[in-house]
Amino acid sequence: MPVLTKEQQDYKRFAKNKKPKPPLLKNMIMAFIVGGIICTIGQIILNFFVSRGLTPGQAGGPTAIIMVFLGSFLTGIGVYDKIGKYAGAGSIVPITGFANSIVSPAMEFKREGFVFGVAAKMFVVAGPVLVYGISSATLIGLIYYLLNM
Amino acid sequence: MKKLGSQTIKFENPPSIIGTGTIVGPKEGQGRFKEYYDLILKDSIYQEKSWEKAETKILKEAVEMAIKNSKVPTDKIEYLIAGDLLNQIVSAGFAARELGLPFLGIYGACSTIAQGALLGSMIVDGGFAENLVAAVSSHFCTAERQFRFPLELGNQRKPTSQWTVTGAGAMVISSQIQNPRITFATVGKVIDMGEADPNDMGTAMAPAAVDTILRHFQDTGKTPDDYDLILTGDLGSIGKDIAEELLKQKGYDISNKYSDCGVLIFYPEQDVHAGASGCACAAVVTCGYIYKEMLNGKYNRVLLVATGALMSTTSTQQGETIPCIAHAISIENL
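Here the structure is a predicted model, which is why all the values come from computation and not from measurement.

*Asks:* Hey, could you go over the nonpolar core for me, with residue numbers and the actual values?
*Replies:* Formed by 58 residues in total, the largest nonpolar core has its most connected members in Val 165, Met 171, Ile 173, Leu 231, Ile 265, Ile 290 and Ile 329 of chain B. By residue number, the principal contributor to this core is helix H9 (residues 279-295) of chain B, which donates 12 residues. Residue contributions to this core reach at least three from each of two domains, namely domain 1 (13-174) and domain 2 (181-332) of chain B. Beyond its immediate chain neighbours, meaning those up to four positions away, Val 165 of chain B contacts Glu 28, Ser 138, His 139, Phe 140, Ile 265, Phe 266, Ala 276, Ser 277, Ala 280, Cys 281 and Val 284 of chain B. Among the nonpolar cores identified, the runner-up in size contains 35 residues, and Ala 15 of chain A together with Leu 214, Leu 235 and Ala 243 of chain B belong to it.

*Asks:* Tell me about helix H2 (residues 51-70) of chain B, and please be specific about residues and values.
*Replies:* Residues and elements named next belong to chain B. Between its first and last C-alpha, H2 extends 29 Å over 20 residues, near the 28 Å set by a 1.5 Å rise per residue. Counting buried positions over the 20 residues of H2 gives 14, a clear majority of the element. Where H2 terminates, the next one or two residues include Lys 71, which has phi positive at roughly 65°.

*Asks:* If you had to explain the environment of Asp 225 of chain B to someone new, which residues and values would you point to?
*Replies:* All names here are of chain B. Inspection of the secondary structure puts Asp 225 in the loop between helix H6 (201-220) and strand S11 (229-232). The spatial distance from the C-alpha of Asp 225 to the C-alpha of Gly 297 is 17 Å, given a sequence separation of 72 residues. With sequence-adjacent residues up to four places away left out, Asp 225 is seen in contact with Lys 257 and Arg 301.

*Asks:* Explain the pattern of salt bridges to me, and be specific about the residues and the numbers.
*Replies:* Side-chain pairs of opposite charge can arise whenever the charged atoms involved come near each other. If you walk through the whole model with that rule in mind, you get 20 salt bridges over all chains. Across the pair Arg 13 of chain A and Asp 10 of chain A runs a salt bridge, and its minimum N-O distance is 2.8 Å. Linking Arg 13 of chain A with Asp 10 of chain A, this pair stays in helix H1 (residues 6-16), spanning 3 residues, or about one helical turn. Across the pair Asp 200 of chain B and Lys 19 of chain A runs a salt bridge, and its minimum N-O distance is 3.0 Å. Placement of the pair is Asp 200 of chain B in the loop between strand S10 (181-186) and H6 and Lys 19 of chain A in the loop between H1 and helix H2 (24-51), with the two residues belonging to separate chains.

*Asks:* Please provide a residue-by-residue account of helix H5 (residues 140-147) of chain B, values included.
*Replies:* Taken across its 8 residues, H5 of chain B has 7 buried, putting it largely inside the fold. Among all positions of H5 of chain B, only Phe 140, Cys 141, Thr 142, Ala 143, Glu 144, Arg 145 and Gln 146 of chain B are buried. Structurally, H5 of chain B contributes buried residues whose contacts are with helix H6 (95-108) of chain A together with H2, strand S7 (131-138), strand S8 (163-164) and helix H10 (313-317) of chain B.

*Asks:* Mind laying out the packing of helix H3 (residues 56-76) of chain A against H6 of chain A, listing which residues take part and the relevant values?
*Replies:* All names here are of chain A. The N-to-C vectors of H3 and H6 enclose an angle of 45°; their axes lie 8 Å apart at closest approach. Classified by the interaxial angle, the pair formed by H3 and H6 is oblique. The handedness of the crossing between H3 and H6 is right-handed. Mapping the contact onto sequence places Ala 64, Met 67, Val 68, Gly 71, Ser 72, Thr 75 and Gly 76 in H3 and Ile 95, Thr 96, Ala 99, Asn 100, Val 103, Ser 104 and Met 107 in H6. Grouping the amino acids of the contact of H3 with H6 by side-chain chemistry returns 7 nonpolar, 7 polar and no charged.

*Asks:* Residue-level account of the domain arrangement of chain B, with values.
*Replies:* Residue and element names in this part refer to chain B. Examined at the domain level, chain B breaks down into domain 1 (13-174) and domain 2 (181-332). Each of domain 1 and domain 2 was reduced to a C-alpha centroid, and the two centroids are 18 Å apart. Taken together, the contact between domain 1 and domain 2 spans 57 residues of the former and 54 residues of the latter. Summing both sides of the interface, domain 1 and domain 2 together bury roughly 4500 Å²; the carbon and sulfur share of this comes to 64%. The largest contributions to the domain 1 side of the interface with domain 2 come from Arg 32, Tyr 36 and Gln 162, which together make up 17% of the buried area. Where domain 1 meets domain 2, there are 2 salt bridges. Counting every contact that joins domain 1 to domain 2 gives 21 residue pairs in polar contact (both at pLDDT 80 or more). A total of 9 residues in the side of domain 1 that touches domain 2 trace back to one element, the largest contributor, which is strand S3 (residues 16-24). Counted by class, the side of domain 1 that touches domain 2 contains 26 nonpolar, 22 polar and 9 charged residues.

About the criteria used
- Residues numbered from 1 in each chain as written.
- Chains lettered and ligands numbered in written order.
- Predicted model: local features only at pLDDT ≥ 70, side-chain atom pairs only at ≥ 80, totals over all residues.
- Heavy atoms only, no water.
- Core = buried A, V, L, I, M, F, W, Y, C linked by side-chain atoms within 4.5 Å.
- Buried < 20%, exposed > 50% of the residue type's maximum accessible area, 1.4 Å probe, protein only.
- Helix = DSSP H or I, 4+ residues; strand = E, 2+ residues; numbered from the N terminus.
- Domains from an automatic or database assignment.
- Contact = heavy atoms within 4.5 Å.
- Expected span 1.5 Å × (residues − 1).
- Salt bridge = Lys/Arg side-chain N within 4 Å of Asp/Glu carboxyl O.
- Axes fitted to C-alpha atoms, helices over the stretch in contact; angles between N-to-C directions.
- Parallel < 35°, antiparallel > 145°, perpendicular 65-115°, else oblique.
- Left-handed = near helix turned anticlockwise from the far one by under 90°.
- Nonpolar A, V, L, I, M, F, W, Y, C, P; charged D, E, K, R; others polar.
- Buried area = accessible area lost by both parts, 1.4 Å probe.
- Polar contact = N/O pair within 3.5 Å; in protein donor to acceptor, adjacent residues only side chain to side chain.

The following block contains the structure:
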């Protein structure tokens, strides 16, 4: 980061008081409600598979597939970004949000072609999540394995 | 000498704005100045295959409208001075390809219309042309995909963020004598007060606007009383408050005649957070509302201070602060 002069630091302090604060309480309540609804839908689908004879462990896979489909579908018809505007983290964190983060750049960059557009840009948003998600999961898994040796 | 003080030009034979053309997107068409635009698009893709093609098309058509409204034959238009926000100013270059006019491409981010108008006025007052066009465009969808996120991504915008105007504005600047006329221009310096948040351009740009306004008053000896309206480009609600307060600290109270295109263009209920931005923001307000109300005599002396943030996505990712600029032009009925 560049080093700020005293004048710049003074301006930063002055300007800070002018900026509106994000409505944190409202955002958290909306995230809780919408995130909760998405997870409840997931639970209903999982319970359905269990009721039809799968074990809860086996039902996780098909449930995730359906939730990813729903997230992608709602992105495709232009609804998911509107949900996200109000729900914030409530619709970003569940797996439907992950689907949205991959489908939305794929749609956006289709005009740049299927190779350098769709395929190359598909992971611009989700890429960091994958890299650090997989890396940290591997690391934690390794620690867990070593502790249980 | 046509130069006043350190940064201001006084035009000897003030060039006239003899015609304008404005096109805006549907959201802007629901905003405050809807009666003042020449064309409001029904959808922002405008029957094109990409957002970029749509932006090029509105820029080209705005230039054609301005020329038509000026009643100057196209072959008497000697230069097109144009710019936009996209990498390598492709909207301007591609529109110029269609228009076939001698082309000077410029970049001043959202200040580009004032930069174009002041360069155009220098060319006309200098006797290097009789008629030329200054034009700019911006498009919400091209700007989002270049500077921010895919349109369909379900993220929340910050309360400080601003909404890029979809639109294009063009003005024909001429040596013909008719109102309104461009009488003074103050070329801004690049000011960087250490702001680095690309989702808060108003705070970053306000000091540049203040610097240029102060310099304009000092160079010309004018005071706020010499203007009916002082209009900044796209500071938005936060930047406007800051600029007003900083100017007051320096002894210039402009609060009763000051506004900002970014605050005005949309109604608050249109949910654009801190206001509007983009090259077209200052351009469609100036070429639409201001030009037409100057013809009607509602305003006679307007100081336009268009503001621009000179960063890129690369500079932001590398943690650089945001250098900002503001250029001022006086538009007056003489």
